[in-house]
Every structure is written in structure tokens, then in C-alpha cells.
Amino acid sequence: MSRDGAQATRVEVDANADGVVDVWNYYDLARNLQKRGFSLSQDGRLDAWAYYRDDGQVSRIEVSSSRDGTVDRWEHYEQGKLVRVEEDTNRDGRPDAWHSY
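Everything numeric in this text was worked out from a predicted model, so none of it was measured.

### With respect to the overall build of the protein chain
Scanning the protein chain from N- to C-terminus turns up zero helices and eight strands. Helices and strands in the protein chain line up, N terminus first, as β-β-β-β-β-β-β-β. Summarising its shape, the C-alpha atoms of the protein chain cover approximately 50 × 30 × 25 Å along the three principal directions. Expressed as a percentage of the 101 residues in the protein chain, the buried residues total 30%.

Spelled out as C-alpha cells, the structure:
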């Protein structure tokens, strides 16, 4: 928290110390992690997002495999385990392939 009472809602991290931001953490006003953005290639280009439940567990991960910001893969988690994956293989913005685990 800063002196004026404002709270950070986004924190940028250079996880591999190469001078390029490759992780973006987003917090709510109670300082709970809500979402984390990633650069999977660690080149500063945001291409994946993890969403968190109130208990700190990942609920889903969204990936832009073409790295253009358009999500084409959705991974769903329950109790820390991957349970389902949806993919948009024809680039229309909707899942058309499903996998359960």
C-alpha cells in the first residue's frame, strides 16, 4: 500500500531476471491473487492467463497458442488437478474439441 492509501492491483515480475517482464499478477482490493498472466516463451508477450478461486487454487488456465491474445485453449482444474480441456481448433472463438481427465 502506498502512502496515499492506494493499493496495487497489478504487479509485474521478471521471473528469469533477463530484464523482460514475463509474469503479471492481478490482485483484488483484499490483496488476493485473482489472475496471473504469463509469457510462456518468457519474451514479454502475454499469451496465457491463470484464474484463481478464493482459496488460492487455480480454477482455469486460458492459452493463446498463436500468441495473438485470442484464447484457443481452456484448461479447467478441480482441487489442483486438470479435469477438462477445451480447444478451439478452427479459430472461431468457441471450443470444438474436448478432453476429460
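### A word on the pairing of strand β5 (residues 58-63)
As judged from the five bridges shared by strand β4 (residues 48-52) and β5, these two strands associate in the antiparallel manner. Bridge pairing in β5 places alanine 48 opposite valine 63. Counting the residues between successive antiparallel strands, the hairpin from β4 to β5 contains five residues, one of them, glycine 56, with a positive phi of roughly 90°. Bridge count between β5 and strand β6 (residues 73-78): four bridges; the pairing is antiparallel. The partner of isoleucine 61 across the bridge, within β6, is glutamate 75.

What counts, and at which threshold
- Residues numbered from 1 in each chain as written.
- Predicted model: local features only at pLDDT ≥ 70, side-chain atom pairs only at ≥ 80, totals over all residues.
- Heavy atoms only, no water.
- Helix = DSSP H or I, 4+ residues; strand = E, 2+ residues; numbered from the N terminus.
- Buried < 20%, exposed > 50% of the residue type's maximum accessible area, 1.4 Å probe, protein only.
- Pairing = 2+ DSSP bridges.

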